[in-house]
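The primary structure of each chain is shown beneath.
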Amino acid sequence: MSRRGRYVLVMLVGAIVLLSVLGWLVSLRTDYLWYDSVGYTEVFSTMMWTRLGLFGAFTLAMAAWCGLNLYLAYRFRPDTWPATSEQEGLERYRELISPRAGWWIGGVSVVVGIFAGMSAQSRWETWLLFREGGDFGWTDPVLKMDAGFYVFELPFWQFLIGFGFAAVVVGILASLSAYYLYGALRFSGTGDRMTNVARIHLSVLVALFLGLKAVAYYFDRFDFTTQDNPVTDIVGGGYTEMTALMNAKNALIWVSVIAAVVILIFSWGFTRSLALPAAALGLVVVTAIAAGGIYPAVVRNFQVEPNRPQREGPYAQHTIDGTRYAYGMEDLETTTYPVASQPDAEAMAADQSTVPFVRLIDPFVVSDAFTQAQQPRSFYDFNEKLDIDRYTYTDENGQEVTQDFVVGLRELNPSQLTDEQQDWTVAHTVYTHGWGFVSASTTESDSGAPCFTSGVLSDDAGNCQIGNDIIDVEKPQIYYGLLNDEYAIVGVPDGDTPREYDRPIDVAVSDQDDAEVPAEEIGDDRYTTYEGDGGVDIGSIGQRLLYAWEFQEPRFLLSDQINDESQLLYNRNIRDRVQEVAPFLTVEADPYPAVVDGEIVWIVDGYTTTNDFPYSDRVNLAEATNDTYSGQGVANQSSEEINYIRSSVKAVVNAYDGSVTLYEFDEEDPILEAWNSIYGGDLIVPKDETPELLQDHFRYPQDLFKIQRSLLQRYHVDESRTFIEGGEAWATPSDPSQNSEVTQPAYYVYATYPEQDQPYFQLTGSFTPRNRPNAMASLMSGYYDENGDPQLKVYDVVGGDDQSVRQIHQIITSTSEVVTTLRDAQQAGTTVEWGNLLALPVGDGILYLEPMYLRRQAGGEGEDLPRLTNVAISYGGYVGFAPSFEDAVAMVVEKYVSGAPSEAEQTEGEDGEETPSETPSETPTTEAPTTEAPAPADPPEVEAAIENVLAAQTAYEEAQASGTNEEEGRALDDLLAALDELEAARQAAGQ
């Protein structure tokens, strides 16, 4: 290459490096400015200085080590080298390196050190936890180490060991290369193949490698407590690991030490033969194969597998105890809930602890109804899944009432802006925020539509019994939420006309805007100016230049809409915002809004997690939290393995100014304590300083509940033998309202469960026996008690009325009233959508409730808003299906009082299954036994008609699950025809 070409190449490389470094510096500066705007610069500076410190320390260590080995190999190079063809080929490299040997050694060492530093700086969290971590107060039952050792210390020790291995390998490779280059090591020719100095140097490095291997074997023993047990399919070392493999590791420690000593002794000239050192290395390998592979396999196959419960029982018990502790279930309370074979429907109808609060409105279904009824402009939108929260208000009689509501925020959705509105200036300076906190009653509807109670943008007051102004909001503007993560440029000089679109004024509003917010009405619209301080100041030319580079947007410099008062709002998605200020937290997938003291805030549960807790089973976050809502208005969790979780933080994000406050919730979590100490001790607001009005809106976290529900499928069992045999394992039911196999979501209800003396806002789910999907095994409830402490309870359902939600859905959809409604909907071109099926313990039975919504196709241009048209309930096997909950309850009571056979009994009779019966009394009866005549068999024509109905019903369910709309319609027609034939056959037989 010519001199000019070299100059051009150097300039190009220099320009690329300069631009890369400049881009990194710009991003560094803008990140700092963002952290400064939210008041969390301590998080940014701690992270950056720690990473830089680790980078510098490990770069220096590796560079010095590499340079030392290269220097020794160069310093003790032979004065002459054999005149062989091999050495003659290396001569030109020696001539290139030797005049500048120091530069070459330094350059290679620095490059190797930089790679080591880059790897080490990514372990900044591991180092900080190692430095600040404490004890858990829970001791590993086998090795007797506190869990804090495994979570805080062991990961960093293992990193150091790994770094040590890398350093030794680098030293060996560097020394080999230098010795080979200068003839101290050769592979051809006569005489010695290696000089004494080279042999001593390399032998010391090999001995050092074996010494590190002994240390690694020592720490490997602790990994048994967190590794998978292939025999029981749980985490935690079992009999094989804690006996055979533990002995193998102990043996390998001594064998490695002995081999290292042998290599050191015989490298100093006692013999020039490599046979003894090679034998020492071979001994390590043979021991690793025999003691670490063959012997444990023999123990597992011939001692453990034939006697699994006996051998693995004690270790499985360790995992049961450890798992319950690690997932916050050590105080799990299990209660038997006896259910009568024919529960009293009249008592259910008279219940005042749960029935008056039964939720009819499904927050997943009615999002479209919120959007269409409360969308005065097309760019307003609600999240695909709304939320449930409770509020206390004064009713028309002057009494305070606590009730749960469906709640959502009317956010601005940038994807709904028109082409004209998506102009850069308009999109980022005019359409900057949403408007309004909207709530609706969960217990009543307005002719099938939601009964709105606050945040209403409508001229029509509706027919709701609850007023539409029960939740007062001072600043309804929504700048931070879930739907809009585009940056916004806000702020105008004093006296200038506001330019941010706020809301239309040609419709009535139920909330009064804060009089202090500057606003102006122009035509039919109201414009306002952001008055918060949650943005980054971009009034100066320097700040504008930074963000023009960061966002690759020159209009930051060219736009006349940016002025001295301008602020830049970005990172506006509240989950991402919390994750940035608290990178150590796993953030709840479904944040929810609340109004606290007149302000709209987002409440986000933050979890501390680890995958290093001893004797605790693992779950995959994505799999354990996946249900119908995942990816549909609820974020998907990352596919991350954990075996410890605590709901340690309640993060609160102000929807107006974006401020983030982290409130402590779990005062005993060592991981949170360590991170708070890492960031100066005041990152987390102590629990006793949490405002009471805010605590009133805390709810049991959904992701934690889902993870606990996933684990309790096996870990509800206390006794290790039963646990290993798996005979009492449970399963989480699939969502009966969906056509695909997906886990039914847990649901919030305001209710009073058994052994509770007042209603609680609780999260509920159900279980079925693993091999009996049509039966219910238990109910699970998570809630906060009157002191704000989390409570987790399991109600084992025993008795006659124990159908699963799947079975109840099949019974409901098989009743004549529902079938007729489905037929009418099919003929009218209307889509039927079922809400979440709730199962609530009431009286001496279980009340099942499933709302039915209808969506009518609107001329092929979309779907009309869903309307609640009917409510289906089941109690004691009796089904009620009516336009209102009260009418459905009345139907059930009427059937119960009349003594008519229940729909559940009819379905079981048609399916040929045995009807559950009461458990026989242990007390002998004194009455004479009686014999009843067997029920007469159905005529052949009726039996054939019943078989046709069952076949048609099976075909219809298969079409619902996997067929097209056309196939589902044909299957429904066939089912209706079979039902008509059955009715005709029964009439002909006189039944």
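Keep in mind that what you see is a predicted model, and the values were worked out from it rather than measured.

This part covers the packing of helix H2 (residues 41-75) against helix H5 (residues 124-132). In the contact formed by H2 and H5, the axes pass within 9 Å of each other and the chain directions differ by 100°. Taken as axis vectors, H2 and H5 run roughly perpendicular relative to one another. Listed contacts from H5 to Thr 46, Met 47, Thr 50, Arg 51 and Leu 54 of H2 are Trp 124, Trp 127 and Leu 128. Its residues assigned to classes, the contact of H2 with H5 comprises five nonpolar, two polar and one charged.

All right, on to the environment of Gln 543 then. Inspection of the secondary structure puts Gln 543 in helix H14 (residues 541-550). On the accessibility criterion, Gln 543 (15% relative accessible area) is buried. Separated by 510 residues in sequence, Gln 543 and Leu 33 place their C-alpha atoms 9.5 Å apart. With residues near it in sequence (within four places) discarded, Gln 543 still touches Leu 33, Asp 537 and Ile 538. Within the structure, Gln 543 has its side chain in polar contact with the backbone oxygen of Asp 537 (distance 3.3 Å).

Within H5 the residues assigned to the buried category are Trp 124, Thr 126, Leu 128 and Leu 129. Looking at the buried side of H5, the elements it contacts are H2, helix H4 (101-121), helix H6 (147-181) and helix H18 (670-678).

What follows is about a nonpolar patch on the surface. A contiguous nonpolar surface patch, about 530 Å² in accessible area, is contributed by Leu 9, Val 13, Val 17, Val 21, Trp 24 and Leu 25. Along the polypeptide, Leu 25 turns up in helix H1 (residues 3-38). Relative accessible area serves as the criterion here: at 41%, Leu 25 is assigned to the partly exposed category.

Taken together, the side chains of Glu 330, Asp 331, Glu 667, Glu 668, Asp 688, Glu 689, Asp 757, Glu 786 and Asp 789 make up a negatively charged region of the molecular surface. As for its position among the elements, Glu 330 is in the loop between helix H10 (308-326) and strand E3 (333-339).

Interhelical geometry of helix H8 (residues 239-266) versus H10 gives an angle of 100° and a closest axis separation of 8 Å. The orientation of H8 relative to H10 falls into the category roughly perpendicular. Where H8 approaches H10, its residues Tyr 239, Thr 240, Met 242 and Thr 243 are matched on the opposing element by Arg 311, Glu 312 and Tyr 315. A breakdown of the residues in the contact of H8 with H10 according to their chemical character gives three nonpolar, two polar and two charged.

The backbone phi angle of Lys 144 is positive, close to 60°, even though this residue is not glycine. Following the sequence through the fold, Lys 144 ends up in the loop between H5 and H6. Residue Lys 144 is classed as exposed on the basis of its relative accessible area, which comes to 58%. One non-glycine residue with positive phi stands out, namely Asp 597, at about 55°.

Ordered by their spatial adjacency, four strands build an open sheet running E5-E6-E9-E10, and the pairing between neighbours is antiparallel. Every interior strand has two partners, whereas the edge strands, strand E5 (387-394) and strand E10 (449-454), have only one. Pairwise comparison of adjacent strand axes, ignoring direction, gives a mean angle of 50° for this sheet. Two strands pair when backbone bridges link them, and strand E9 (residues 437-446) and E10 are joined in this way by four bridges, in the antiparallel orientation. Paired with Ser 439 across the strands is Ser 454, a residue of E10.

Within strand E20 (residues 599-610), eleven of the twelve residues are buried, which leaves it mostly tucked inside the rest of the structure. Pairing of strand E18 (residues 586-587) with E20 involves two bridges; the strand directions are antiparallel. In the strand pairing of E20, Thr 586 is matched with Tyr 607. Joining the antiparallel neighbours strand E19 (residues 592-596) and E20 is a turn of two residues, in which Asp 597 adopts a positive phi near 55°. Here ten bridges tie E20 to strand E23 (residues 644-654), and the two strands are oriented antiparallel to one another.

Procedures and definitions
Residues numbered from 1 in each chain as written. Predicted model: local features only at pLDDT ≥ 70, side-chain atom pairs only at ≥ 80, totals over all residues. Heavy atoms only, no water. Axes fitted to C-alpha atoms, helices over the stretch in contact; angles between N-to-C directions. Helix = DSSP H or I, 4+ residues; strand = E, 2+ residues; numbered from the N terminus. Parallel < 35°, antiparallel > 145°, perpendicular 65-115°, else oblique. Contact = heavy atoms within 4.5 Å. Nonpolar A, V, L, I, M, F, W, Y, C, P; charged D, E, K, R; others polar. Buried < 20%, exposed > 50% of the residue type's maximum accessible area, 1.4 Å probe, protein only. Polar contact = N/O pair within 3.5 Å; in protein donor to acceptor, adjacent residues only side chain to side chain. Patch = residues over 30% accessible without salt bridge, like charges linked within 9 Å, V, L, I, M, F, W, Y side chains within 5 Å. Areas by Shrake-Rupley, 256 points an atom, 1.4 Å probe, with all protein chains shown as cover. Salt bridge = Lys/Arg side-chain N within 4 Å of Asp/Glu carboxyl O. Lys, Arg positive; Asp, Glu negative; His and termini not counted. Charge placed at Lys NZ, Arg CZ, Asp CG, Glu CD. Pairing = 2+ DSSP bridges.

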